[in-house]
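Below, each chain spelled out in residue letters.
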Amino acid sequence: MSKSHSRRLFLHGSAPAARAVEPSPTLVDVTTHILPSIQAEREYPAVSVVLATAGPRFSLDDRTRGEGLVSEAARRLAYELNPSAVEAMVDPLRRVLAELVGARVEGGVALLRAVGELYAFRLTVTPTERVVIDPTFATRDLVRSVASSDRRPGDVLDQLANADRAGRAERGIDATWTALQQSSYLHLIVEDGFAFAAYLAADGTHVIPAAVPETPSATDDLVDEMIELAMAKHGTVSFVAPGSLAGDGVAVIRNHRSHSAS
């Protein structure tokens, strides 16, 4: 199900009641077994704050930049939630940022907040700083952190070139999204830093670019959803340097195990 279709808006007059504040989480490393539960859809809004760090310790400057991102999240949430609900969502994020000062870090930190949930993950890769508000958390950089610790045999770009010649590859947002919808066991390839805000048609298959990613009805980044969908359908994900896909941004390889999801 697409993020934009599953979005449930809680407008100013109908915001959910605030729940008890969760204790601050410990900053933890990302592991493969954590990803499926973190990628699952949850009650909207799911707020992701992704912050790059210089390391080796979370600094006061990191905290200041993080608080700026949390303020951005609060501004966006204010279009859909009443003030008390906004504060209930963002105050725990501010508290975590304060408590992280001095913690061991590497490339970055991902703070994830939903009703009744609060997570802080240490990233081994340097992310693009951003705020994402959707019915699922933004997990691209969590997946990248796991992938960076794996030893994936072969050169993925060589594999893609071979698949192109054999007619087993698709490139670009539209073709890649359609392939992921229709098939399982695909190998998704993503350029680092490539993002694509989009609206999805009612059938969930047609992709329309969103000029303003913050629009409530838009999916902040369809690439995040592609990654989640590929993994949910028994596929794999690789990340390549910006520009490696010659402007396509994303591509998929149909493996020999690939078969129709229907």
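Just so it is clear, the model here is predicted, and its values are computed rather than measured.

1. Focus on the side chain of Arg 144
Reasoning step 1: Following the sequence through the fold, Arg 144 ends up in helix H5 (residues 140-149).
Reasoning step 2: According to the relative accessible area criterion, Arg 144 is buried, its value standing at 12%.
Reasoning step 3: For Arg 144, the side chain forms a polar contact with the side chain of Asp 192, separated by 3.3 Å.
Reasoning step 4: Filtering out sequence-adjacent residues up to four positions away, Arg 144 remains in contact with Val 125, Thr 126, Pro 127, Asp 192 and Phe 239.

2. A closer look at the packing of aromatic side chains
Reasoning step 1: Scanning all chains against the criterion turns up two aromatic pairs.
Reasoning step 2: On the numbers, 6.1 Å between centres and 15° between planes, the contact of Tyr 119 with Phe 121 is stacked.
Reasoning step 3: Assessed through its relative accessible area of 26%, Tyr 119 is described here as partly exposed.
Reasoning step 4: For the pair Tyr 119 and Phe 137, a centre-to-centre distance of 6.1 Å together with 80° between the ring planes defines the contact as edge-to-face. Separated by 18 residues along the polypeptide, Tyr 119 in strand S4 (residues 117-123) and Phe 137 in the loop between strand S5 (130-134) and H5 bring together distant segments of the chain.
Reasoning step 5: Since its relative accessible area comes to 0%, Phe 137 is described here as buried.

3. Things to note about the packing of helix H3 (residues 60-77) against helix H4 (residues 83-100)
Reasoning step 1: H4 packs onto H3 with a crossing angle of 175° between their chain directions and a minimal axis gap of 10 Å. With respect to each other, H3 and H4 are oriented roughly antiparallel. Across the interface between the two elements, Arg 63, Gly 66, Glu 67, Val 70, Ser 71, Ala 74 and Leu 77 of H3 pack against Val 86, Met 89, Val 90, Leu 93, Arg 94, Leu 97 and Ala 98 of H4.

4. Things to note about the packing of helix H7 (residues 173-182) against helix H8 (residues 222-232)
Reasoning step 1: Interaxial distance between H7 and H8 falls to 10 Å at its minimum, and their mutual angle equals 30°. Regarding the angle of H7 to H8, the classification is roughly parallel. For H7 against H8, the interelement crossing comes out left-handed. When H7 is examined against H8, the residues Ile 173, Thr 176, Trp 177, Leu 180 and Gln 181 are found in contact with a partner set consisting of Leu 222, Val 223, Glu 225, Met 226, Leu 229 and Ala 230.
Reasoning step 2: Classifying every residue of the contact of H7 with H8 by side-chain character gives eight nonpolar, two polar and one charged.

5. Considering the environment of Thr 219
Reasoning step 1: Note on placement: Thr 219 falls in the loop between strand S9 (207-209) and H8.
Reasoning step 2: According to the relative accessible area criterion, Thr 219 is buried, its value standing at 1%.
Reasoning step 3: Put simply, Thr 219 and Asp 134 are 85 residues apart on the chain and 6.7 Å apart in space, counted from C-alpha to C-alpha.

6. With respect to H7
Reasoning step 1: Within H7, burial applies to Ile 173, Thr 176, Trp 177, Ala 179 and Leu 180. Down the axis, H7 shows its buried residues gathered within 165° of arc, on one side only.
Reasoning step 2: Here the buried face of H7 lies against strand S6 (169-171), strand S7 (186-191), strand S8 (198-200), S9, H8 and strand S11 (250-254).

7. Topic: the nonpolar core
Reasoning step 1: In terms of nonpolar packing, the biggest core is built from 38 residues, with Leu 142, Ile 173 and Leu 188 touching the most fellow members.
Reasoning step 2: No other element matches H8, which puts six residues into this core.
Reasoning step 3: In this structure Leu 188 touches Thr 176, Leu 180, Met 226, Ile 227, Ala 230, Thr 236, Val 237, Ser 238, Ala 251 and Val 252, once residues within four positions along its chain are discounted.

8. A look at unusual backbone geometry
Reasoning step 1: Cis geometry marks the peptide bond from Tyr 44 to Pro 45, where omega comes out at 5°.
Reasoning step 2: Note on placement: Pro 45 falls in the loop between helix H2 (35-39) and strand S2 (46-52).
Reasoning step 3: Here the amide bond leading from Gly 55 into Pro 56 is cis, since omega sits at 0°, within 30 degrees of zero.
Reasoning step 4: Note on placement: Pro 56 falls in the loop between S2 and H3.
Reasoning step 5: Notably, Tyr 185 is not glycine yet its phi reads approximately 60°, a positive angle.
Reasoning step 6: If you trace the backbone, Tyr 185 turns up in the loop between H7 and S7.

9. A few points about H3
Reasoning step 1: In a regular helix each residue adds 1.5 Å, so 18 residues correspond to 26 Å; H3 covers 25 Å between its end C-alpha atoms and thus fits that length.
Reasoning step 2: Within H3, the full set of buried residues consists of Asp 62, Gly 66, Leu 69, Val 70, Ala 73, Ala 74, Arg 76 and Leu 77. In an axial view of H3, the angular spread of the buried residues amounts to 160°, which keeps them on one side of the axis. Among the exposed residues of H3, those pointing more than 90 degrees away from its buried face are Leu 60 and Thr 64.
Reasoning step 3: Structurally, H3 contributes buried residues whose contacts are with S2, H4 and S5.

Analysis parameters
Residues numbered from 1 in each chain as written. Predicted model: local features only at pLDDT ≥ 70, side-chain atom pairs only at ≥ 80, totals over all residues. Heavy atoms only, no water. Helix = DSSP H or I, 4+ residues; strand = E, 2+ residues; numbered from the N terminus. Buried < 20%, exposed > 50% of the residue type's maximum accessible area, 1.4 Å probe, protein only. Polar contact = N/O pair within 3.5 Å; in protein donor to acceptor, adjacent residues only side chain to side chain. Contact = heavy atoms within 4.5 Å. Phe/Tyr/Trp six-rings, centres within 6.5 Å; stacked < 30°, edge-to-face > 60°. Axes fitted to C-alpha atoms, helices over the stretch in contact; angles between N-to-C directions. Parallel < 35°, antiparallel > 145°, perpendicular 65-115°, else oblique. Left-handed = near helix turned anticlockwise from the far one by under 90°. Nonpolar A, V, L, I, M, F, W, Y, C, P; charged D, E, K, R; others polar. Arc of directions from axis to C-beta. Core = buried A, V, L, I, M, F, W, Y, C linked by side-chain atoms within 4.5 Å. Expected span 1.5 Å × (residues − 1).

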